Amino acid sequence: MLHWFESGNWLVWIVAGAGLAILLVVLALLVWYRMTTMERRTRHLLAAIADRVLRDAAIPDGVGGWVVIDAIMLRDRCVYVLDLRDVEGAVFGADKMDNWTVIGRRWRSQFQNPLRLMQDRVIAVRTLVPDLSVTGHVLFSSRAHFPKGRPDGVQLLDEFSHPLARPRPKKPVALDTRTEQLWQQLVNAAEIVTRTQRRRADAQSASARS
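Caption draft 1: Just the pairing of strand S4 (residues 89-92), in detail. Here two bridges tie S4 to strand S8 (residues 144-145), and the two strands are oriented parallel to one another. In the strand pairing of S8, Ala90 is matched with His145. The pairing of S4 with strand S5 (residues 99-103) spans three bridges and is classified as antiparallel. Of the residues in S5, the one forming a bridge with Phe92 is Thr101. Connecting the antiparallel pair S4 and S5 is a turn made up of six residues.

Set out below in structure tokens:
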């Protein structure tokens, strides 16, 4: 009797442990899915509206360094340099402010003024594609709102993408010879970077400007 009782206890613990492990895996997957929803949506959206798109790229800044860019999008001989921000809450920022503030329901945080870093990014891209129009855009997800207004160059992602929407399904886009050459020149000059490398490069760029 004692032998069967002890065996039964071990079986219960094994089953309980396996159930707990499965629950933790499911919770981890749910957290990952929620955290990457914006990333996956953004990739799908840019692919749908762009003639060509390059993500997570570091390109030469022309003075011996590098600038890191979330996305570079080509559309109709126009190049869009994109800084993508997925924050939730009220965003307060202006052109001349060093740091912008995000206030959520139970927290607040600050980040560097993205417009200042954007200037260097646009200049670097223009150097590589001199015959194309280049503009910079800081794009926030729909989870952000701006109670005091937004500086020029700041938009919500949906606002930016809506005028560029195409009939579905998107067909492959052929480029003229010169545009193809310039885009390939940009791609060849770029290096793909990780998220950690992006943050480190942004911090170094901000330090160099201050």
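Caption draft 2: Looking closely at the pairing of strand S7 (residues 133-140). Sheet topology note: the strand S3 (residues 78-85)/S7 ladder contains eight bridges and is parallel. Within S7, the residue paired with Arg85 across the bridge is Phe140. In the sheet, S7 pairs with strand S9 (residues 154-156) via three bridges, with the strands oriented parallel. If you follow Leu139 over to S9, its bridge partner there is Gln155.

Caption draft 3: The arrangement of the sheet that holds strand S1 (residues 52-60) in detail. What the six strands build is an open sheet, ordered S9-S7-S3-S2-S1-S10; its pairing is mixed. The sheet is open, and its two borders are formed by S9 and strand S10 (191-192), each paired with just one other strand. Packed on one face of the sheet, helix H4 (residues 177-189) meets S1, strand S2 (66-75) and S10 and runs near 50° to S1.

Caption draft 4: Looking closely at the nonpolar core. Ranked by size, the top nonpolar core spans 35 residues in total, and within it Ile59, Ile72, Val79, Val91, Val125, Val129 and Phe140 carry the most contacts. When residues in this core are grouped by element, the largest group, six residues, is from helix H2 (residues 114-128). Residues Leu46, Ala50, Ala71 and Leu157 belong to the second largest nonpolar core, which totals 13 residues.

Caption draft 5: Geometry of the sheet that holds S8. Reading across from one edge, S6-S5-S4-S8 is the order of the four strands in this open sheet, with mixed pairing throughout. Both outer strands of the open sheet, strand S6 (108-112) and S8, are each paired with one neighbouring strand and no more.

Caption draft 6: Seen up close, H4. Look at H4: 18 Å from first C-alpha to last across 13 residues, which is about the 18 Å you get at 1.5 Å a residue. Thr179, Leu182, Trp183, Leu186 and Ala189 are the residues of H4 that are buried. Axial view of H4: buried residues confined to an arc of 130°, hence all on one face. For H4, exposure combined with an orientation more than 90 degrees from the buried face picks out Thr177 and Asn188. Buried residues along H4 sit against S1, S2, H2 and S10. With a side-chain oxygen positioned 3.2 Å from the backbone nitrogen of Arg178, the residue opening H4 is Asp176.

Caption draft 7: Looking closely at unusual backbone geometry. The backbone of Asp56 sits at a positive phi, close to 50°, despite the residue not being glycine. Summarising the element assignment, Asp56 is placed in strand S1. Since its relative accessible area comes to 11%, Asp56 is described here as buried. One non-glycine residue, Arg77, lies in positive phi territory at about 65°. As for its position among the elements, Arg77 is in the loop between S2 and S3. Judged by relative accessible area, Arg77 falls into the partly exposed class, the value being 35%.

Caption draft 8: Looking closely at a nonpolar patch on the surface. A grouping of Leu20, Leu23 and Leu24 is seen on the molecular surface, where their side chains present a nonpolar patch of about 290 Å² in accessible area. Mapped onto the elements, Leu24 comes out in helix H1 (residues 2-49).

Thresholds applied
- Residue numbers run consecutively from 1 along every chain, following the written order of its sequence.
- Reporting in this predicted model follows two pLDDT cut-offs: at least 70 for local features of residues, and 80 or more for side-chain atom pairs to be given and counted; totals over whole chains, interfaces and linings ignore these cut-offs and use all residues.
- Think of the side-chain values as coming from all heavy atoms in the structure, minus any hydrogens and water.
- For two strands to pair, DSSP has to find at least two bridges joining them.
- Secondary structure counts use DSSP, requiring at least four H or I residues in a row for a helix and at least two E residues in a row for a strand, with both numbered from the N terminus.
- Only heavy atoms enter the contact rule, under which two residues are in contact if any of them lie within 4.5 Å.
- The angle between two axes is taken between their N-to-C directions and runs from 0 to 180 degrees, where each axis is a line fitted to C-alpha atoms and a helix contributes only its stretch in contact.
- Among the buried residues, those of types Ala, Val, Leu, Ile, Met, Phe, Trp, Tyr and Cys that are joined through side-chain atoms within 4.5 Å form a nonpolar core.
- Per-residue accessibility, obtained with a 1.4 Å probe over protein chains only, is compared with the maximum for each type, and a residue is labelled buried under 20%, exposed over 50%, and partly exposed between these values.
- By definition here, a helix of n residues has an expected span of 1.5 Å times n minus one.
- When we speak of the arc, we mean the arc of directions from the helix axis to the C-beta atoms.
- Here a polar contact means two N or O atoms within 3.5 Å. Within protein one must be a hydrogen donor candidate and the other an acceptor candidate, and residues neighboring in sequence count only if both atoms are side-chain atoms.
- Patch building starts from residues that exceed 30% relative accessible area and form no salt bridge, then joins like charges within 9 Å and nonpolar side chains (Val, Leu, Ile, Met, Phe, Trp, Tyr) within 5 Å.
- Exposure was quantified through the Shrake-Rupley algorithm and a 1.4 Å probe, taking into account, for residues, occlusion by the shown protein chains and nothing else.
- Salt bridge criterion: a side-chain nitrogen from Lys or Arg within 4 Å of a carboxyl oxygen from Asp or Glu.

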